[in-house]
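# Inside the fold
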Amino acid sequence: MSSNPPTANEIAVPFEMNAEPANRRPSRLPADWNISSRPRTGISRLIPRSMRMPSVKYQRGDKVMGRWPGSSLYYEVKVQGFDITSQLYTVIYKDGTELELKEPDIKNFSGFQTRSRSRSRSRSPGRRRSRSRSPGRTTRRSSSRTAAVAAAAVTESLLSSNKDTKLEDRLGALQQTMAAENNSNNKHEENDMANKVNEKAEAEMEAESERNQGRYNLRRRKDDGGAKAAAIVAEQQEKEVIKEAAPPAATLATPLDFGGKIGAYLWLLFLPSWVLFLVFQVNLEDPSLLNFPPPLPPLEAFWDVKALGFVILWILFQALLYVLPVGKLSEGMPLRSGERLKYRTNGFFAIMVSAVAVAVAVHQGVDLTYIHSHFLQLAVASFMISVLLSVYLYARSRYAAPEQLAQGGNSGNVVYDFFKGHELNPRIKDFDLKFFCEMRPGLIGWCLINFALALAEMKLHHLDAPSYSMILVNVFQLLYVVDGLWNEEAILTTMDLMHDGFGFMLAFGDLVWVPFTYTLQAYYLVSHPNSLSLPVVGAIVTLKLLGFYIFRKSNSEKNAFRRDPSDPQLSHLKTIPTATGKSLLVSGWWGVVRHPNYLGDLMMALAWSLPCGFSHLLPWYYMIYFIILLVHRDSRDMRDCRRKYGSAWDEYCRTVRYRIIPRVY
Ligand SMILES: NC(=O)C1=CN([C@@H]2O[C@H](COP(=O)(O)OP(=O)(O)OC[C@H]3O[C@@H](n4cnc5c(N)ncnc54)[C@H](OP(=O)(O)O)[C@@H]3O)[C@@H](O)[C@H]2O)C=CC1
Ligand SMILES: CC(C)=CCC[C@@H](C)[C@H]1CC=C2C3=C(CC[C@@]21C)[C@@]1(C)CC[C@H](O)C(C)(C)[C@@H]1CC3
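- Going by what an unreviewed UniProt entry lists, the protein is known as Delta(14)-sterol reductase LBR and is assigned to Pleuronectes platessa.
- Listed in UniProt under the heading Sequence similarities (unreviewed entry), the comment for the protein reads: "Belongs to the ERG4/ERG24 family."
- In the Pathway (unreviewed entry) part of its UniProt record, the protein is described as follows: "Steroid biosynthesis; cholesterol biosynthesis."

### Describing the sheet that holds strand S4 (residues 88-93)
- Sheet architecture is open: five strands sit in the order S5-S4-S3-S2-S6, paired in antiparallel fashion. Here the strands that pair on one side only, and so sit at the sheet edges, are strand S5 (98-102) and strand S6 (106-107).
- Pairing between strand S2 (residues 63-67) and S6: two bridges, direction antiparallel. Within S6, the residue paired with Met-65 across the bridge is Lys-107.

### As for the pattern of salt bridges
- Applying the stated criterion across every chain yields a total of 18 salt bridges.
- Of the charged contacts in the structure, one is a salt bridge between Lys-342 and Glu-331, with a shortest N-O distance of 3.6 Å. Here Lys-342, found in strand S10 (residues 342-345), pairs with Glu-331, found in strand S9 (residues 328-331); they are eleven residues apart in sequence, far enough to count as distant.
- For the salt bridge of Asp-496 with Arg-633, the shortest nitrogen-to-oxygen distance reads 2.4 Å. Of this pair, Asp-496 sits in helix H17 (residues 495-498) while Arg-633 sits in helix H22 (residues 621-645); the two residues are 137 residues apart in sequence, bridging distant segments of the chain. Both residues of the pair, Asp-496 and Arg-633, count as buried.

### Concerning the site of ligand 1
- Near ligand 1 there are 28 residues, and of these Tyr-518, Tyr-598, Asp-601, Asp-637 and Tyr-645 occur at the shortest range.
- Measuring from an oxygen atom of ligand 1, one finds a backbone N or O atom of Met-495 at 2.8 Å.
- Arg-562 is positioned such that a nitrogen or oxygen atom in its side chain is 2.5 Å from an oxygen atom of ligand 1.
- Coverage of ligand 1 by the protein chains reaches 93% of its 920 Å² of free accessible surface.
- Every element with two or more residues in the shell around ligand 1 is listed here: H17, helix H20 (534-563), strand S14 (583-585), helix H21 (596-609) and H22.
- The biggest single contributor to the shell around ligand 1 is H22, with eight residues.

### So, the environment of Leu-606
- Along the chain, Leu-606 falls in helix H21.
- A relative accessible area of 29% places Leu-606 in the partly exposed class.
- Along the primary structure Leu-606 and Tyr-622 are separated by 16 residues, whereas in three dimensions their C-alpha atoms are 8.9 Å apart.
- For Leu-606, the residues in contact, after removing those within four places along its chain, are Leu-543, Trp-620 and Met-623.

### Describing unusual backbone geometry
- With a phi angle near 55°, Lys-429 is a residue other than glycine that sits in the positive phi range.
- Even without a glycine there, the phi angle at His-462 is positive, about 50°.
- With respect to the helices and strands, the residue His-462 is situated in the loop between helix H15 (441-460) and helix H16 (468-486).

### Some thoughts on the UniProt feature "transmembrane region" (unreviewed entry) in the protein
- The UniProt entry lists residues 264-282, 302-324, 345-363, 375-395, 506-526, 532-551, 572-593 and 605-631 under the feature "transmembrane region" (unreviewed entry), expressed in the numbering used here.
- Across residues 506-526, the secondary structure splits into 90% helix and 0% strand, with the terminal C-alpha atoms separated by 29 Å.
- Helix makes up 59% of residues 605-631 and strand 0%, whereas the separation of the span's terminal C-alpha atoms amounts to 14 Å.

### Observations regarding the packing of helix H9 (residues 305-323) against helix H10 (residues 347-363)
- For the pair H9 and H10, the least separation of the axes is 10 Å and the interaxial angle reads 130°. In terms of their interaxial angle, H9 and H10 are classed as oblique. For H9 against H10, the interelement crossing comes out right-handed. Two secondary-structure elements touch here, H9 through Trp-314, Phe-317, Gln-318 and Leu-321 and H10 through Phe-349, Ala-350, Val-353, Ser-354 and Ala-357.
- Within the contact of H9 with H10, the residues separate by chemical class into seven nonpolar, two polar and no charged.

### Overview of the site of ligand 2
- With respect to spatial proximity, 15 residues lie near ligand 2, and among them Glu-438, Gly-484, Asp-496, Asp-510 and Arg-633 are the closest.
- Alone, ligand 2 offers 630 Å² of accessible surface; in the complex the protein occludes 88% of this.
- Those elements that place two or more of their residues in the shell around ligand 2 are helix H14 (433-439), H16 and helix H18 (504-517).
- At five residues, H18 tops the list of elements feeding residues into the shell around ligand 2.
- Partitioned by chemical class, the residues of the shell around ligand 2 number nine nonpolar, two polar and four charged.

### What to know about the packing of H15 against helix H19 (residues 520-527)
- Taken N-terminus to C-terminus, the directions of H15 and H19 make an angle of 5°; their axes are 9 Å apart at the nearest point. When the interaxial angle is binned, H15 and H19 end up roughly parallel. Contact with H15, carried on its side by Asn-450, Leu-453, Ala-456, Glu-457 and Leu-460, involves Ala-522, Tyr-523, Leu-525, Val-526 and Ser-527 of H19 and no other residues of that element.
- Here the residues of the contact of H15 with H19 sort into seven nonpolar, two polar and one charged.

Parameters and conventions
Residues numbered from 1 in each chain as written. Chains lettered and ligands numbered in written order. Predicted model: local features only at pLDDT ≥ 70, side-chain atom pairs only at ≥ 80, totals over all residues. Heavy atoms only, no water. UniProt positions renumbered as here; feature names shortened; annotations may be inferred. Pairing = 2+ DSSP bridges. Helix = DSSP H or I, 4+ residues; strand = E, 2+ residues; numbered from the N terminus. Salt bridge = Lys/Arg side-chain N within 4 Å of Asp/Glu carboxyl O. Buried < 20%, exposed > 50% of the residue type's maximum accessible area, 1.4 Å probe, protein only. Near = heavy atom within 4 Å. Polar contact = N/O pair within 3.5 Å; in protein donor to acceptor, adjacent residues only side chain to side chain. Areas by Shrake-Rupley, 256 points an atom, 1.4 Å probe, with all protein chains shown as cover. Contact = heavy atoms within 4.5 Å. Axes fitted to C-alpha atoms, helices over the stretch in contact; angles between N-to-C directions. Parallel < 35°, antiparallel > 145°, perpendicular 65-115°, else oblique. Left-handed = near helix turned anticlockwise from the far one by under 90°. Nonpolar A, V, L, I, M, F, W, Y, C, P; charged D, E, K, R; others polar.

Pasting the structure below:
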């Protein structure tokens, strides 16, 4: 109890500024830069025509001090380029993290001096020893002395930052502080009783920490009850952690996906053609990839005004349900501006009302098998709407402020940005177009189409009830959609909602791809019955339920953690703090593989194809597509997380070695 912990300020601000740097950036932009007439913030604009960056305060290659987003800590960074429109510098930290920073967040080395009082702390050999042994050591004691040592270790590490100090060391200390701070939320564990109970776990923790060479804290967050002072130190930063590292000034530049600009052209042509190809195939008695080109119907068969009317009515009906003031208003993750958008998460209500409406319509004599007989026309009508929507989305994105653009769809190439999505969260007042399209018309439409296909099977084969295979496919996919809508809030922490712009890829994916290709198994079964024995039904149901359990549990775990990292229900989980302020789960589901949710999803996909048998490849199409989609998404995510989290991500990958399937991939 004798030593006083350093104040938060002493530790959170490792450097003190001497004076404002002298040179000011001139208002005129350099003549030899690539200056576009319209706003662009993509990487292409970061590269000046010449290697020099005259008239800009910091030059490419300059080594300066850059502020960590959301904190008051400065680290050595190298300037990579400067973005004229957003006035942001791209800088790279020593651990490989690339960020874009505002000029005020960058300082010259000369502007820093360490505090003399703190410097004397850093010379304390005891404190140095405490740091060098292991960050885990601080978790052994619950007294404020321990905490002071922990805090001092942080101070020492931060304050000893000179040119020779490794960034990793400083990061390690920062991460230690943040982990301790996580634990400070578990106040009940600060009492002696809890400490006794935790003694064994703490010993394990220390060993584990030693194993990890103190480079990050793989610690059970509830074992850290003693780190009071470190928690105080980090309290300031905790607020920033909750802000989910959404600094107003820092953004990430993302490389091009999907084969870049040429790839975008090809995808624009390929995706609609592929949907048509599949729709033609599924109508054939003997569908095969070798039927190329498939027999084409006359041109007028592609188009039906009534079908277009139905699609428009359906979308309007879903839009109406979406805007009704029913259900929860959920908060999205913080944007780069720090703002959190609100979303009406009443998807479950929407599907229930839709089900009642469909039941009433069927009762009134509406023949839903129209959907089966006009599948092609409905798909074409939906395609037209998705194209119009994409054009609208791209046009409005040209007027959007730079911070409203998606980092991945901001290349400056019209076709690429049109395809990938330029604006992150296009909204008409409170109506969020991306969220609505992803969760409502296509997703609920998928269930409606499946149901209509079950009726078509009964009609075609004069059955009193659908076949087992049809029931399984219908029920499995209905469960998937209803679960998605019930947990609608969880979608706000997925890649699409957080990072991807809304453009053709998602508009087409949501309105055409999902309802007209995810229903192919049910469509196939209408004209290709496949009988199943009860034991086979049992085995398929077991597979589905197991996959569903993994999918749901892992998605909910990540969602809960992202929403509230200090949620007591998650306190048993180990985490790796990252320099951005967000932590990564490294035990629980996210410690088994890096994408446990994909694993569960793939098991479910398998359970959807199995009822269709092995006579044709077509009903296995979803499974094959899904493997490709998820493997690609996983690589995209790995790349983005590497850029976001730098060495902390590498540590995560070293600890959790497999991506989707344990011990295989
Ligand atoms: N049926 C279908 O057609 C499709 C279904 N899906 C399903 O949708 C769901 C969402 O998938 P998707 O959006 O691709 O990806 P995830 O929901 O897996 O989100 C990935 C993000 O999670 C965060 N994250 C990654 N690792 C960790 C960790 N260890 N601890 C904490 N956070 C972590 C990162 O974001 P950050 O750190 O920035 O928070 C990362 O970018 C999945 O279940 C998937 O199977 C997806 C695509 C298509
Ligand atoms: C080839 C192409 C056009 C790809 C577009 C991909 C989209 C079809 C998918 C991207 C992510 C999706 C998700 C779902 C549906 C498919 C798309 C839009 C999802 C809404 C399905 C229901 C789940 O429960 C889910 C909410 C987790 C899921 C989220 C991702």
